[in-house]
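The lines below spell out each chain.
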Protein chains: 2
Amino acid sequence: MTSKDVARVAGVSQSTVSYVMSGKRPISARTRRIVEDAMAQLTYQPNAGARALASQRTQIVAVVMPFDSGLGAAGLMAFIEEITLAARAHDHDVLLVTAEEGVDGLRRVAGRALCDAVVVMEVGSDDPRAAIARDLRVPTLFIGIPDDPAGLHCVDFDFEDGARLLVAELADRQRVTALAWGSDTVARHLNYVPRFRAAAQEAAEAAGVALDWVPLERATVEEQVRAVLAAGADALLVTAHLTRVVHAVQDAGLRPGTDLDLVALATDVDATGFTVPLTAVSTHPRDVSRQAMSWLFDLLERGSGPAQVRRVPASVSRRSSVRSGPTPRVPRP
Amino acid sequence: MTSKDVARVAGVSQSTVSYVMSGKRPISARTRRIVEDAMAQLTYQPNAGARALASQRTQIVAVVMPFDSGLGAAGLMAFIEEITLAARAHDHDVLLVTAEEGVDGLRRVAGRALCDAVVVMEVGSDDPRAAIARDLRVPTLFIGIPDDPAGLHCVDFDFEDGARLLVAELADRQRVTALAWGSDTVARHLNYVPRFRAAAQEAAEAAGVALDWVPLERATVEEQVRAVLAAGADALLVTAHLTRVVHAVQDAGLRPGTDLDLVALATDVDATGFTVPLTAVSTHPRDVSRQAMSWLFDLLERGSGPAQVRRVPASVSRRSSVRSGPTPRVPRP
DNA sequence: TTGTAAGCGTTATCAT
DNA sequence: ATGATAACGCTTACAA
């Protein structure tokens, strides 16, 4: 079934069929009805390739996946779900590109006109994909902020703000241990690590709390937690390997909120998945992707706007993993 | 840049450029070099829409996501990764379709010629998508087995086999409690639930063990586990909500492998993510998707083959959550 | 308000 | 071994 068939059955020209679909020119009510009937009768569906060729629009958004989900599989799925949802709401489909393809993946989907736009997840500090994005055929939106975001469209969670909020929750402690991202994450040059760290450090100093920074290594999480606990730590700020950390704590016979304080940077689901719901700053993966997609379609519809960096604000959810309750000493700027 | 430009620069006809790319007719070494140089010089990339229109092949595989990952987010991501990997290995891309679109999603991607094939994940017993797949324009591969798989290409983990293996691990116990999928999963009519249950029941009877079936409800997992434990259960077979179950058990002061036996149906990562590594039957999500994709490309390349159901064999990994060690009394058929 | 026809960038069938 | 050229199915000026 082609639009030609529809035209023949409806007794109109092919262009009329096209205009009925696109609404790009006025059609009499009568003609519209006839055409729509014909389409229904033939169960006509426009050919995507032909349409893309003629219109120079594919109605497809390419999404470049992260190498390894910093947010965990659940967070990643939330991202993807939200992205496809937004895409469908704008009559677009989602094409998946693996991070492994690297720069070539971007070149391919843009160069072959496989998509109208691309979203790149988890961009690193000196991400080579950022460099080439500047002269890509299609608008590109980054999730994460490279060191030089000039000329780029970037959306990210406000890690600095999150760090401050988290420290504020433990501001009346003498000493806080930050169980944070390890060398694997650092190796990927995700600059939210230094961003978060710097902000946390600054906030801690302002509040007069000593902040010990412990990078958690995948292979030794439990061991490290035990060591930290053995050393007497009783205020934990965790940003990585949350599940394993909490279990290690519990295995040590300690309960967050009773025997020690624990705050986390985590998604809401993750923070509430334990027997003790955790006080946490949520990274709001869904908000980030919603923000990204709405911006993307803005660019697509209203033409490419000015490059900028947009941060999704942080917020803390107080639950029961902090003993004394909230007594923040650090004012939020 | 179009192939016309390449042809001009290379001083050959457009068709020669096309044949250099496709290899569908002999090209002299000299001509090939000239053309390839021109392509490189212009950084030419063929237009996907035009190619799809002319060749009737999009080089795209549509993947219909599950409603709610029965395997958990991690398992789902494994699926997706494996699928995109396989697709790229065959020079195809992956288009994501949400389960929410239901039957219409299938009709859309097939009808508009957005893809050459489709993979449907997590199909239910009387999945309406199965019905329409039979007369879809493109080969369709189901992950999961509907009640009437006639005329369909289905791949699934062998849940029956998995059930038997799991029961065998606890075959010398008097009484085993199965903490299994709850009403939400059942409501989705995933027929691996009854398939698993029937096989487990049969194996249990053969082995002379009493099998108590407890459907775990999302809202009350911990409560149910406590109740079961309080009732004296000391041999658990869990197929759902694994993390929460294990934590509930530990919170009750019990250690799997020490105070009670626990075997699970889970991915390997999930089974080893606890302080006590669990004896488990792995659902091998990666194997399932690899199997599915290799079959799919067989169909695509060698033309649509005969419909059938293919099961990915189960296997048990003995770890340390069972006390007496493996003493299976139930022979594997 | 509607129709005609020229592309869009490939592939593939004839020729040569 | 290579070159013309007619599709492929749609969109969109340009006419009427």
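Cut-offs and rules
Residues numbered from 1 in each chain as written. Chains lettered and ligands numbered in written order. Predicted model: local features only at pLDDT ≥ 70, side-chain atom pairs only at ≥ 80, totals over all residues. Heavy atoms only, no water. Salt bridge = Lys/Arg side-chain N within 4 Å of Asp/Glu carboxyl O. Helix = DSSP H or I, 4+ residues; strand = E, 2+ residues; numbered from the N terminus. Buried < 20%, exposed > 50% of the residue type's maximum accessible area, 1.4 Å probe, protein only. Contact = heavy atoms within 4.5 Å. Phe/Tyr/Trp six-rings, centres within 6.5 Å; stacked < 30°, edge-to-face > 60°. Lys NZ or Arg CZ within 6 Å of the ring centre and 35° of its normal. UniProt positions renumbered as here; feature names shortened; annotations may be inferred. Buried area = accessible area lost by both parts, 1.4 Å probe. Pairing = 2+ DSSP bridges. Axes fitted to C-alpha atoms, helices over the stretch in contact; angles between N-to-C directions. Near = heavy atom within 4 Å. Nonpolar A, V, L, I, M, F, W, Y, C, P; charged D, E, K, R; others polar. Least-squares fit on C-alpha atoms with pLDDT ≥ 70 in both.

**A look at the pattern of salt bridges**
In step 1: Scanning the model with the defined rule gives 62 salt bridges over all chains in all.
In step 2: Across the salt bridge formed by glutamate 81 of chain A and arginine 286 of chain A, the nearest N and O atoms sit 2.9 Å from each other. Within this pair, whereas glutamate 81 of chain A is found in helix H5 (residues 72-89), its partner arginine 286 of chain A is found in helix H14 (residues 285-302), the two being separated by 205 residues in sequence.
In step 3: On the accessibility criterion, glutamate 81 of chain A (38% relative accessible area) is partly exposed.
In step 4: Residues aspartate 161 of chain B and arginine 164 of chain B are paired through a salt bridge, measuring 3.6 Å at the closest nitrogen-oxygen approach. Taken together, the positions of aspartate 161 of chain B and arginine 164 of chain B, both in helix H8 (residues 159-169) and three residues apart, correspond to about one turn of that helix.
In step 5: Counted as one network, the salt bridges with shared partners bring together Glu81, Glu82, Arg286, Asp287 and Arg290 of chain A.

**Observations regarding the side chain of threonine 16 of chain B**
Residue and element names in this part refer to chain B.
In step 1: In this structure, threonine 16 sits in helix H2 (residues 14-22).
In step 2: We classify threonine 16 as buried; its relative accessible area is 13%.
In step 3: When near neighbours in sequence (up to four residues on either side) are disregarded, threonine 16 contacts Ile27, Thr31 and Val35.

**Section: the packing of aromatic side chains**
Working definition: an aromatic ring pair is given by the centre-to-centre distance plus the angle between the planes.
Residue and element names in this part refer to chain A.
In step 1: Enumeration according to the criterion identifies 11 aromatic pairs over all chains in this entry.
In step 2: Here the aromatic rings of phenylalanine 159 and tryptophan 181 are separated by 6.5 Å at their centres, their planes lie at 70 degrees, and the arrangement is edge-to-face. Note that phenylalanine 159 is positioned in helix H8 (residues 159-169) and tryptophan 181 in the loop between strand E6 (175-180) and helix H9 (183-187), a separation of 22 residues in sequence.
In step 3: You can call phenylalanine 159 buried: its relative accessible area is 7%.
In step 4: Seen from their ring centres, phenylalanine 159 and tyrosine 192 are 4.5 Å apart, and the 15 degrees between their planes marks the pair as stacked. Remark: tyrosine 192 occurs in helix H10 (residues 192-207) and phenylalanine 159 occurs in helix H8; sequence separation between them is 33 residues.
In step 5: Three or more aromatic residues joined by ring pairs make a cluster, and in this case those are Phe157, Phe159, Trp181, Tyr192, Phe196 and Trp213.
In step 6: Looking at arginine 310, its charged tip hangs above the ring of tryptophan 295, at a distance of 3.9 Å from the centre.

**Remarks on the UniProt feature "domain: HTH lacI-type" (unreviewed entry) in chain A**
In step 1: In this structure's numbering, the residues bearing the UniProt feature "domain: HTH lacI-type" (unreviewed entry) are residues 1-55 of chain A.
In step 2: Taken as a whole, residues 1-55 of chain A contains 71% helix and 0% strand, while its terminal C-alpha atoms sit 20 Å from one another.

**Thoughts on the interface of chain A and chain B**
In step 1: Counting residues at the interface gives 34 residues for chain A, matched by 34 residues for chain B.
In step 2: Here chain A packs against chain B, burying approximately 3400 Å² in sum over the two surfaces, 60% of which is carbon and sulfur.
In step 3: By the criterion of area lost to chain B, the three top residues of chain A are Gln45, Leu96 and Arg112 of chain A, representing 18% of everything that side buries.
In step 4: For arginine 108 of chain B, the salt bridge is made with aspartate 93 of chain A, and the minimal N-O distance between the two is 2.4 Å.
In step 5: Mapped onto the side of chain A that touches chain B, the elements with two or more residues apiece are helix H4 (48-55), H5, strand E2 (93-97), helix H6 (102-111) and helix H12 (242-251) of chain A.

**Brief notes about the sheet that holds strand E8 (residues 235-238) of chain B**
All names here are of chain B.
In step 1: Overall, mixed pairing links the six strands, which are arranged E7-E6-E8-E9-E10-E12 in an open sheet. Edge positions in the sheet fall to strand E7 (210-215) and strand E12 (316-317), since each has one partner strand and no second.
In step 2: One ladder, built from two bridges, connects strand E10 (residues 279-282) with E12; its direction is antiparallel. Residue pairing for E12: alanine 280 is matched across the bridge by serine 317.
In step 3: Sheet strands touched by helix H10 (residues 192-207): E7, E8 and strand E9 (261-266). Its angle to E7, the strand with the most contacts, is close to 155 degrees.

**Quick look at the protein's contact with DNA strand D**
In step 1: Taken together, the neighbourhood of DNA strand D is formed by 29 residues, with Ser3 and Tyr44 of chain A together with Thr16, Pro26 and Thr31 of chain B sitting nearest.
In step 2: The sugar-phosphate backbone supplies 56% of the atoms of DNA strand D found within 4 Å of the protein.
In step 3: Counting only elements with at least two residues in the surface near DNA strand D, the list comes to helix H2 (14-22) and H4 of chain A together with H2 and helix H4 (48-55) of chain B.
In step 4: Top element by residues in the surface near DNA strand D is H2 of chain A. It accounts for five residues.
In step 5: In the surface near DNA strand D, the residues fall into 11 nonpolar, 14 polar and four charged.

**Examining the relation of the copies chain A and chain B**
In step 1: Between the two copies, chain A and chain B, the superposition gives an RMSD of 0.1 Å; the rotation angle is 180 degrees and the shift along the axis is 0.1 Å. Within this description, the copies of the chain are treated as partners about a two-fold rotation axis.
In step 2: Here 100% of the interface residues in chain A have copies in chain B that are interface residues too; the copies meet face to matching face.

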